[in-house]
Amino acid sequence: NVSTDEQIGTLLMGFMIPMFLVLMIALGCLMPAIDSTAGERERSTWETLMTVSASRLSVVTAKYFYVATLGILAGVLNVLAMFASIGAIIGPLIMDLGESANAIQFSLPLLALPVMIVAAIALALFFAAAMMILAAFARKFKDGQAMVGPVMMLAMAPIFLGQQTDQTLTPVVAAIPVANAAMMIRDAINGVFLWPLIAETLAVLLAMVIACLLIARAILKFEDLLLGSFDGSFWRFAKERMLGRKQVDGNMAGTGLRGN
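As the structure is a prediction and not an experimental result, all values here were calculated from the model.

1. Notes on the overall build of the protein chain
1) Next: Each helix and strand counted, the protein chain has 12 helices and zero strands in total.
2) Next: For the protein chain, the α and β elements follow one another from N to C terminus as α-α-α-α-α-α-α-α-α-α-α-α.
3) Next: Residues counted as buried form 42% of the 260 residues belonging to the protein chain.
4) Next: Contacts in the protein chain between residues at least 24 apart in sequence constitute 74% of all its contacts with a sequence separation of at least 6.
5) Next: With the model as given, the accessible surface of the protein chain reaches about 13,800 Å², and the carbon-plus-sulfur share is 68%.

Have a look at this one:
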């Protein structure tokens, strides 16, 4: 091994922090997102909440920022805890390989911290919106856990990026949600700052957040969903209400043309 102690520490942090940060943010959003939607229905408090003087948009916005804030806190606190205890965790493994655990140096570049914080905020905003949309169709907390499964699978994307130290953020990876943020965090830990690709990454995540918010806005227009009388998942809702409406409009338009 010809690597310095600092390079070994950077390698270990680049391997662990991006993966755990993304997972911790997703887990931090998971329970609040389900509890603020399906949990309200299971406790029969959703209907009461709809009768308050605040508008529906204000209620949903407050819930959204509540879930996103807890996701950010979960990610940041877990990263700080992992950074403080990584030596004790990795020490036994390194000693088995004949290395000195106390000699490894764990340090981050100064610019890495703001980059990681911005990435954590963007990920939390996306996870919170996506999970709340899916969990809103559940009537029980347990059903909500099953419905947000696709988002949790997406949170595992960093595992499939590979752990080669020579990999950096590319235009293709920067266009893949979640995976782009994980690679951006790894580059920041290694002291690599590709600002155009970082901007592309944040733009993609922001576009995903906006798309989720537009979907949520469209969903809020349906009374049966808000009152919990709709029986089905988001995918059934999208097929019957969104795609079905377009088909009906197309058939009506075609009938009008034939009549003319």
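2. Regarding the nonpolar core
1) Next: In this structure, I17, L123, F127 and M131 are the most contacted members of the largest nonpolar core, which totals 70 residues.
2) Next: Where this core is concerned, the elements lending two or more residues are α1 (5–35), α4 (56–96), α5 (112–135), α7 (149–155), α8 (171–174), α9 (179–189), α10 (195–219) and α12 (234–259).
3) Next: Excluding its chain neighbours within four sequence positions, the residues that come into contact with L123 are V22, I25, V178, A181 and L205.

3. Focus: the packing of aromatic side chains
1) Next: All told, the structure shown has six aromatic pairs when counted by the stated rule.
2) Next: Each ring, one from F193 and one from W195, has its centre 5.6 Å from the other, and the planes form 15 degrees; the classification is stacked.
3) Next: Judged by its relative accessible area of 19%, F193 falls in the buried class.
4) Next: Take W195: its relative accessible area is 46%, and that puts it in the partly exposed class.
5) Next: Here the aromatic rings of F222 and F237 are separated by 5.0 Å at their centres, their planes lie at 90 degrees, and the arrangement is edge-to-face. Here F222, found in the loop between α10 and α11 (223–226), pairs with F237, found in helix α12; they are 15 residues apart in sequence, far enough to count as distant.
6) Next: An aromatic cluster is defined as three or more aromatic residues linked by ring pairs; in this entry it consists of F137, F222, F234 and F237.
7) Next: Directly above the aromatic system of W46 lies the positively charged group of R41, at a separation of 5.2 Å from the ring centroid.

4. Structural notes on unusual backbone geometry
1) Next: One non-glycine residue with positive phi stands out, namely S44, at about 60 degrees.
2) Next: Among the secondary structure elements, S44 is positioned in the loop between α2 (38–42) and α3 (46–49).
3) Next: Phi angles above zero are rare outside glycine, and V178 is one such case at about 75 degrees.
4) Next: Along the chain, V178 turns up in the loop between α8 and α9.

5. Here we look at the confidence of the model for the protein chain
1) Next: Chain-level pLDDT for the protein chain is 81 on average; 83% of the residues reach the 70-or-more range.
2) Next: Between residues 246–260, whose pLDDT stays under 50, and residues either more than four places distant or in other chains, the model counts zero contacts.

6. Brief notes about the packing of α9 against α10
1) Next: Closest axis-to-axis distance for the α9/α10 pair is 9 Å, and the angle between their directions is 150 degrees. Between α9 and α10 the crossing geometry is left-handed. Two secondary-structure elements touch here, α9 through N180, A181 and M184 and α10 through I198, T201, L202, V204 and L205.
2) Next: Tallied by class, residues from the contact of α9 with α10 come to six nonpolar, two polar and no charged.

7. Quick notes on the packing of α5 against α9
1) Next: Packing of α5 against α9 brings their axes to within 9 Å, and their N-to-C directions diverge by 170 degrees. Taken together, the axes of α5 and α9 lie roughly antiparallel to each other. Here A112, V115, M116, A119 and L123 of α5 lie close against α9, whose contacting residues are A181, M184, I185, A188 and I189.
2) Next: For the contact of α5 with α9, the residue count by class is 10 nonpolar, no polar and no charged.

8. Some details on the pattern of salt bridges
1) Next: Applying the stated rule across the entire model yields three salt bridges.
2) Next: Its salt-bridge partner being D35, residue R43 comes within 2.8 Å of it at the nearest N-O pair.
3) Next: On the accessibility criterion, D35 (28% relative accessible area) is partly exposed.
4) Next: Between K63 and E40 there is a salt bridge whose closest N-O contact spans 2.9 Å. A residue pair is termed long-range when its members are at least 10 positions apart, and K63 in helix α4 and E40 in helix α2 qualify at 23 residues. Judged on exposure class, the residue K63 and its partner E40 are both buried.

9. Structural notes on α1
1) Next: In this model, α1 (31 residues) spans 45 Å end to end at C-alpha, consistent with the 45 Å of a helix rising 1.5 Å per residue.
2) Next: Roughly 25 degrees is the biggest bend found in α1, and it falls at M13.
3) Next: α1 sits mainly inside the fold: 22 of its 31 residues count as buried.

What counts, and at which threshold
- Residues numbered from 1 in each chain as written.
- Predicted model: local features only at pLDDT ≥ 70, side-chain atom pairs only at ≥ 80, totals over all residues.
- Heavy atoms only, no water.
- Helix = DSSP H or I, 4+ residues; strand = E, 2+ residues; numbered from the N terminus.
- Buried < 20%, exposed > 50% of the residue type's maximum accessible area, 1.4 Å probe, protein only.
- Contact = heavy atoms within 4.5 Å.
- Areas by Shrake-Rupley, 256 points an atom, 1.4 Å probe, with all protein chains shown as cover.
- Core = buried A, V, L, I, M, F, W, Y, C linked by side-chain atoms within 4.5 Å.
- Phe/Tyr/Trp six-rings, centres within 6.5 Å; stacked < 30°, edge-to-face > 60°.
- Lys NZ or Arg CZ within 6 Å of the ring centre and 35° of its normal.
- pLDDT = per-residue confidence, 0-100.
- Axes fitted to C-alpha atoms, helices over the stretch in contact; angles between N-to-C directions.
- Left-handed = near helix turned anticlockwise from the far one by under 90°.
- Nonpolar A, V, L, I, M, F, W, Y, C, P; charged D, E, K, R; others polar.
- Parallel < 35°, antiparallel > 145°, perpendicular 65-115°, else oblique.
- Salt bridge = Lys/Arg side-chain N within 4 Å of Asp/Glu carboxyl O.
- Expected span 1.5 Å × (residues − 1).
- Bend = angle between axes of the 7 residues up to and from the residue.

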